[in-house]
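# Tertiary structure, described
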Amino acid sequence: MLSIKEWQKKITKYAIDHGFNWIPADIDTMLLRIHSEVSEASEAARDENAGELAEEMADIFIRLVNACEVMGIDLEAEVQKKHRKNLNRDMLHGRKRK
Ligand SMILES: [Mg+2]
C-alpha cells in the first residue's frame, strides 16, 4: 500500500512520462481538471452508476495528488493538519440543521 506522498510521486511520474508536464503556473488549469472530474462523478452518481462513480472518484484523487506534487504540497501532511483542526470544530461546524 502506497502512502499519499508515494502516490504523488508515482502519478506525477506517469503524467510527465505521458506528456503532461504541468508547472505551478498551470494551477488554474489543474484545478479546472479536478473540477471536471468532480462533475463526472456527480453525473455517475445521478445515473446511479456505482462503477463509474468509483472510477471518477479515483480520477479526482489522481488529479489532486498530481496538482499537489506540482505545487510542492505534501497532501498527507496537510490532511493530517486539517483533520486535527476539524476535530476541534463544533457539530455541523456551527451550522444549524435544516
Ligand atoms: Mg474522469
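Structure: see above.
Residues numbered from 1 in each chain as written. Predicted model: local features only at pLDDT ≥ 70, side-chain atom pairs only at ≥ 80, totals over all residues.

### Re the environment of Ile 27
This is how it is decided: Only DSSP runs of H or I covering at least 4 residues are called helices, and only runs of E covering at least 2 are called strands; the numbering of each starts at the N terminus.
By the element assignment, Ile 27 lies in helix α2 (residues 27–46). Residues Ile 27 and Asp 90 lie 63 residues apart in sequence; the distance between their C-alpha atoms is 32 Å.

### Some remarks on the nonpolar core
This is how it is decided: The nonpolar core is taken to be a set of buried Ala, Val, Leu, Ile, Met, Phe, Trp, Tyr and Cys residues joined by way of C-beta atoms within 7 Å. Any residue surrounded by 20 or more other C-beta atoms within 10 Å of its C-beta is treated as buried, while 12 or fewer makes it exposed and the intermediate range makes it partly exposed; C-beta atoms here are placed from the backbone. Residue pairs are scored as contacts if the distance between their C-beta atoms, which are placed from the backbone, is within 7 Å.
In terms of nonpolar packing, the biggest core is built from 6 residues, these being Met 30, Leu 64, Val 65, Ala 67, Cys 68 and Val 70. Counting residues per element, this core draws most heavily on helix α3 (residues 50–71), which supplies 5 residues. Excluding anything up to four places from it in sequence, Val 65 contacts Ile 4, Trp 7, Gln 8, Ile 11 and Leu 75.

### Quick notes on the packing of helix α1 (residues 4–17) against α3
This is how the line gets drawn: Throughout, an axis means a line fitted to C-alpha atoms (over the contacting stretch in the case of helices), and angles, computed between N-to-C directions, take values from 0 to 180 degrees. Convention used here: angles under 35 degrees read as roughly parallel, angles over 145 as roughly antiparallel, angles from 65 to 115 as roughly perpendicular, and any remaining angle as oblique. In this classification, the charged set is Asp, Glu, Lys and Arg, the nonpolar set is Ala, Val, Leu, Ile, Met, Phe, Trp, Tyr, Cys and Pro, and all remaining amino acids, among them Gly, are polar.
Across the interface, α1 lies against α3 with an axial gap of 8 Å and an inter-helix angle of 90°. Classified by the angle their axes make, α1 and α3 are roughly perpendicular. Of the residues in α3, those touching α1 at Ile 4, Trp 7, Gln 8, Lys 9, Ile 11, Thr 12 and Ala 15 are Ile 62, Val 65, Asn 66, Cys 68, Glu 69 and Val 70. Its residues placed into classes, the contact of α1 with α3 shows 8 nonpolar, 3 polar and 2 charged.

### What to know about unusual backbone geometry
Residue Glu 48 is not a glycine yet carries a positive backbone phi of 55°. Structurally, Glu 48 is set in the loop between α2 and α3. Residue classification places Glu 48 among the exposed positions, given that 8 C-beta atoms sit within 10 Å. Within the chain, Leu 92 stands out as a residue other than glycine whose phi angle is a positive 55°. As for its position among the elements, Leu 92 is in the segment after α4 (75–87).

### Points about the packing of α2 against α3
As a reminder of what qualifies: Note on convention: the crossing is left-handed when the near helix lies turned anticlockwise from the far helix by less than a right angle, right-handed when the turn is clockwise.
Contact geometry for α2 and α3: axes closest at 8 Å, N-to-C directions at 170°. By the angle between their directions, the pair α2 and α3 is classed as roughly antiparallel. As α2 packs across α3, the resulting crossing turns out to be left-handed. Where α2 abuts α3, its residues Ile 27, Met 30, Leu 31, Arg 33, Ile 34, Glu 37, Val 38, Glu 40, Ala 41, Ala 44 and Ala 45 lie against Glu 52, Leu 53, Glu 56, Met 57, Asp 59, Ile 60, Arg 63, Leu 64, Ala 67, Val 70 and Met 71. A breakdown of the residues in the contact of α2 with α3 according to their chemical character gives 15 nonpolar, no polar and 7 charged.

### Remarks on α2
Condition: Expected helix span is computed as 1.5 Å times (number of residues minus one).
Between its first and last C-alpha, α2 extends 29 Å over 20 residues, near the 28 Å set by a 1.5 Å rise per residue. Note on α2: the residue one or two positions beyond its end, Glu 48, has a positive phi of about 55°.

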